[in-house]
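Structural overview for review
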Amino acid sequence: RWMVRGPDAVDLGLWREVPPAALVVPLDTHVHRVARALGLTARPDASWKTAEEITASLRRVDPEDPVRYDFALCHLGMSGICPARREARRCDACALAAGCLSAARARRPAPAARAAARRTGSATARRS
Ligand code: SF4
């Protein structure tokens, strides 16, 4: 990525014979987790096939340079802005919440709270 993209403040751009469109996103745990949250892949394994699938999703946004988003995805996870354990307050403040599959899950009450709500709802229904 560094050798192909650029030159700019981040990438060297020395390998001009390789087009940025041919790159596959570098897949680490952060990119994988955030990509799953955003629905760029549903694959649970951090494999080459998953990297290709995420790249294909990003290619729909920028066909010429899909890997340009890899640092943004990685930074969201690495910085803790998008924590591994979903937190509704973080998702509420996140600019990606509208398109994020995990944001809705984070806002759902925990299973114990849902069960308690069902019990309360049942009791209310029986009383009326
Ligand atoms: S909305 Fe929540 S889960 Fe989705 S990317 Fe933002 S912080 Fe992560």
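Placed above this text is the structure.
**Structural notes on unusual backbone geometry**
The omega torsion across Gly-6 and Pro-7 is 10°, close enough to zero to call that bond cis. By the secondary structure assignment, Pro-7 is in the segment before α1 (29–37).

**Some remarks on α1**
Of the positions making up α1, those classed as buried are Val-31, His-32, Arg-33, Val-34, Ala-35 and Ala-37. For α1, the capping residue at the N-terminal end is Asp-28, with a side-chain oxygen 3.1 Å from the backbone nitrogen of His-30.

**Some remarks on the environment of Asp-92**
Looking at the element boundaries, Asp-92 is found in helix α4 (residues 88–93). We classify Asp-92 as exposed; its relative accessible area is 52%. When the C-alpha atoms of Asp-92 and Ala-106 are compared, they prove to be 9.5 Å apart, with 14 residues separating the residues in sequence.

**Describing the pattern of salt bridges**
Side-chain pairs of opposite charge can arise where the charged atoms are in close proximity. Using the criterion set out here, one finds eight salt bridges in the structure. Between Asp-62 and Arg-68 there is a salt bridge whose closest N-O contact spans 2.9 Å. Here Asp-62 falls in the buried class, since its relative accessible area comes to 13%. Classification of Arg-68 by relative accessible area gives partly exposed; the value is 44%. Salt bridges sharing common partners tie together Arg-1, Arg-5, Asp-11, Asp-65 and Asp-70.

**What about the environment of Glu-17?**
Structurally, Glu-17 can be placed in the segment before α1. Look at Glu-17 and you get exposed, because its relative accessible area is 64%. Considered as a pair, Glu-17 and Val-4 are 13 residues apart in the sequence and their alpha carbons are 8.3 Å apart.

Parameters and conventions
Residues numbered from 1 in each chain as written. Predicted model: local features only at pLDDT ≥ 70, side-chain atom pairs only at ≥ 80, totals over all residues. Heavy atoms only, no water. Helix = DSSP H or I, 4+ residues; strand = E, 2+ residues; numbered from the N terminus. Buried < 20%, exposed > 50% of the residue type's maximum accessible area, 1.4 Å probe, protein only. Polar contact = N/O pair within 3.5 Å; in protein donor to acceptor, adjacent residues only side chain to side chain. Salt bridge = Lys/Arg side-chain N within 4 Å of Asp/Glu carboxyl O.

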